[in-house]
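# Close look at the chain arrangement
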Amino acid sequence: MSRSAHPAGPRHADVLPEGHYFAPPADLNALDPKVWAHTVGRNADGVVAVGGIDVKALAEQFGTPAYFIDEADFRARARAWRTAFGPGADVFYAGKAFLSRAVVRWLYEEGLNLDVCSGGELATALSGGMPADRIAFHGNNKSTEEITRAIESGVGRIVLDSFQEIVRVAHIASSLRRRQRVQIRVTVGVEAHTHEFIATAHEDQKFGIPLADGQAAEAVRRALQLEGLEVIGIHSHIGSQIFDMSGFEVAAHRVVGLLKDIRDEHGIELPEIDLGGGLGIAYTSDDDPREPHEIAKALTEIVSRECEAARLRTPRISVEPGRAIVGPTAFTLYEVGTIKPLDGLRTYVSVDGGMSDNIRTALYDADYSVALVSRTSDAEPMLVRVVGKHCESGDIVVRDAFLPADLAPGDLLAVPATGAYCRSMASNYNHVLRPPVVAVNDGEARVIVRRETQEDLLRLDVG
Ligand code: LLP
């Protein structure tokens, strides 16, 4: 999809995406369990609750906007991935989706490992108590300091992303008198069916070493000669928000092909392959994501089949889901401010956050759902665009939605499925303060990342 600038801003208000679902839902008060966290539902008085606490009480205690994460749901999804893959495989949660020390502890307790891709994520992982040997360190441009810190702390693997990095990591490991376990990230030439900016395995992009023209084979050849490195496997990540398993099948086929070439050339069977993350979630009722057990079955079957055909021992598989674990477990709670009906077009509903707490709509044209959660309503549906408070017309939270026509300032709206890539991509644009993340579980709510304050902003501004 092209990202050429639209002359009048991102979209004219009267242009709806092709194939847009115009009809309002049968019941505006219904909450589709596909897009809401497990414990979310309406109380007898019509107010939505999560983890046994209603949103009016949550808004009063923690303010808006705020992200509320259903801890029981997070743990259940993490466990479902762990159970689906079983003891013969490893699940590395991708911390970029959302990371905090509480989340690190939940992951540790549920038996997951952790993928980090910067010094900051590594520091959070270690500080949250994740044992270093359960951490994988990623990135296409790791600094010398990051590599040194990762090796010194004893991370279980570093995923090498370029020819230069092979030498750099080997050199740093040797100078620390360590032998670092590494995987080599390859690009398998698959075009994943997703937005251009988040597809990562076609060849013309910055990640990994292409399989094409024997480049990945050459990378393995070089890495095997360096005594600072212990090459444990091959890594592939084909993209994000993917529903179709065929891209993973092609990737697995090509990665096993490389393992076979390595065996034939070097007489070594590498013991591990990592097939990355990228499994899609439901942002709206139209999305139909796959369950972890289906994904685990499909991936393990294809790898075993390919290995059998190549007469290889089946390697240990690992995967790196981020969005599929945390995405559905949280919603963002906003308070309605200005409501502006534009005759013949739609009604603009402004909320007290916006592109600073959810950049995904502006950046990827992402679709979201939205519901009135502080009460029910029998009013007629009205076509709305939920927008933020930023000085930018592209500041859209939900591009097209229906809300009850009696919506009023002070009502609370919630946008579900904001657990992944919302707080982690939040900004201070317009010096708006980043919202807190509150974990709710069994009648208790607890701040796990506090709201930013104006003092926080001014602390960085040294005058
Ligand atoms: N492993 C690697 C090497 C990755 O690069 C990523 C995501 C993942 C795992 C996790 O992917 P997931 O399961 O969460 O899709 N900001 C974008 C997504 C960028 C994903 C980057 N890498 C978005 O908001 O959609």
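Residues numbered from 1 in each chain as written. Predicted model: local features only at pLDDT ≥ 70, side-chain atom pairs only at ≥ 80, totals over all residues. Heavy atoms only, no water.

As named in an unreviewed UniProt entry, the chain is Diaminopimelate decarboxylase, taken from Streptomyces chiangmaiensis. In its Sequence similarities (unreviewed entry) section, the UniProt record describing the chain reads: "Belongs to the Orn/Lys/Arg decarboxylase class-II family. LysA subfamily." Its UniProt record, at the heading Pathway (unreviewed entry), says of the chain: "Amino-acid biosynthesis; L-lysine biosynthesis via DAP pathway; L-lysine from DL-2,6-diaminopimelate: step 1/1." (UniProt positions renumbered as here; feature names shortened; annotations may be inferred.)

### Describing the overall build of the chain
Scanning the chain from N- to C-terminus turns up 12 helices and 21 strands. Since a compact globule built from 463 residues should have a radius of gyration of about 23 Å, the 23 Å found for the chain is in line with a globular shape. Each principal axis of the C-alpha distribution contributes one length, and for the chain these read about 70 × 50 × 45 Å. Counting only residues that meet the buried cut, the chain has 55% of its 463 residues in that class. Across the chain, contacts joining residues at least 24 apart in sequence account for 70% of those joining residues at least 6 apart. As displayed, the chain offers around 19,900 Å² of accessible surface, 49% of which is attributable to carbon and sulfur atoms. (Helix = DSSP H or I, 4+ residues; strand = E, 2+ residues; numbered from the N terminus. Rg over C-alpha atoms; globule rule 2.2 N^0.38 Å. Buried < 20%, exposed > 50% of the residue type's maximum accessible area, 1.4 Å probe, protein only. Contact = heavy atoms within 4.5 Å. Areas by Shrake-Rupley, 256 points an atom, 1.4 Å probe, with all protein chains shown as cover.)

### Describing the UniProt feature "domain: Orn/DAP/Arg decarboxylase 2 C-terminal" (unreviewed entry) in the chain
Within this numbering scheme, the UniProt entry marks residues 332-419 as carrying the feature "domain: Orn/DAP/Arg decarboxylase 2 C-terminal" (unreviewed entry). End C-alpha atoms of residues 332-419 are separated by 8 Å, and the span's content is 6% helix alongside 45% strand.

### A few points about the packing of aromatic side chains
Enumeration over the complete set of coordinates arrives at seven aromatic pairs. Here the aromatic rings of W81 and F85 are separated by 6.0 Å at their centres, their planes lie at 5°, and the arrangement is stacked. One end of the pair is W81 and the other is F85, both in helix α2 (residues 71-85) and four residues apart, which spans about a single turn. With respect to burial, W81 and F85 carry one shared label: buried. Among the aromatic residues, those joined into a cluster by ring pairs are W36, F62, F68 and F331. (Phe/Tyr/Trp six-rings, centres within 6.5 Å; stacked < 30°, edge-to-face > 60°.)

### Regarding the sheet that holds strand β3 (residues 53-54)
Ordered in space as β1-β2-β3, the three strands form an open sheet in which the pairing is antiparallel. Because the sheet does not close on itself, it has two edges, and the strands there are β1 (41-42) and β3. Pairing analysis gives two bridges linking strand β2 (residues 48-50) to β3, with the strands arranged antiparallel. From the neighbouring strand, A49 faces β3, where its bridge partner is D54. (Pairing = 2+ DSSP bridges.)

### Focus on the nonpolar core
Ranked by size, the top nonpolar core spans 110 residues in total, and within it F74, Y93, I184, I234 and L413 carry the most contacts. Taken together, domain 1 (41-70 + 328-460) and domain 2 (72-325) each give at least three residues to this core, which thus spans both. Non-local contacts of F74, meaning those with residues more than four positions away in its chain, are made with I69, Y93, V103, W106, L107, I325, V326 and T329. (Core = buried A, V, L, I, M, F, W, Y, C linked by side-chain atoms within 4.5 Å. Domains from an automatic or database assignment.)

### Some words on the site of the ligand
Taken together, 19 residues form the shell around the ligand, and within it S240, E320, R323, R360 and Y421 come nearest. Side-chain polar atom of K96 to an oxygen atom of the ligand: 3.3 Å apart, as the coordinates give it. Protein burial of the ligand: of its 580 Å² of free accessible surface, 91% is covered by the chains. Broken down by class, the residue content of the shell around the ligand amounts to six nonpolar, seven polar and six charged. (Near = heavy atom within 4 Å. Polar contact = N/O pair within 3.5 Å; in protein donor to acceptor, adjacent residues only side chain to side chain. Nonpolar A, V, L, I, M, F, W, Y, C, P; charged D, E, K, R; others polar.)

### Considerations on the UniProt feature "binding site: pyridoxal 5'-phosphate" (unreviewed entry) in the chain
As recorded in UniProt, the feature "binding site: pyridoxal 5'-phosphate" (unreviewed entry) lies at G278, E320, P321, G322, R323 and Y421. Structurally, the position occupied by P321 is in the loop between β13 (316-319) and α10 (323-326). Apart from residues no more than four positions distant in its own chain, P321 is found in contact with W81, V91, F92, Y93, A94 and G277. By the secondary structure assignment, R323 is in helix α10.

### Focus: helix α3 (residues 101-109)
By the burial criterion, the buried members of α3 are A102, V103, V104, W106 and L107. Where α3 ends, the next residue or the one after it, G111, has phi of about 85°, a positive value.

### A word on the domain arrangement of the chain
Each assigned domain of the chain is listed here: domain 1 (41-70 + 328-460) and domain 2 (72-325). Measuring from the centre of the C-alpha atoms in domain 1 to the corresponding centre in domain 2 gives 33 Å. Both sides of the domain 1 and domain 2 interface together cover about 1,900 Å² of buried area, and 63% of this is carbon and sulfur. Of all residues in domain 1, P328, Y364 and Y421 give up the largest surface area on contact with domain 2, accounting jointly for 29% of the area buried on that side. The tally of links between domain 1 and domain 2 comes to seven residue pairs in polar contact (both at pLDDT 80 or more). Contributing elements (two or more residues each) for the side of domain 1 that touches domain 2: β4 (66-70), α11 (360-364), β20 (437-441) and β21 (444-449). When grouped by side-chain class, the residues that make up the side of domain 1 that touches domain 2 number 12 nonpolar, five polar and five charged. (Buried area = accessible area lost by both parts, 1.4 Å probe.)

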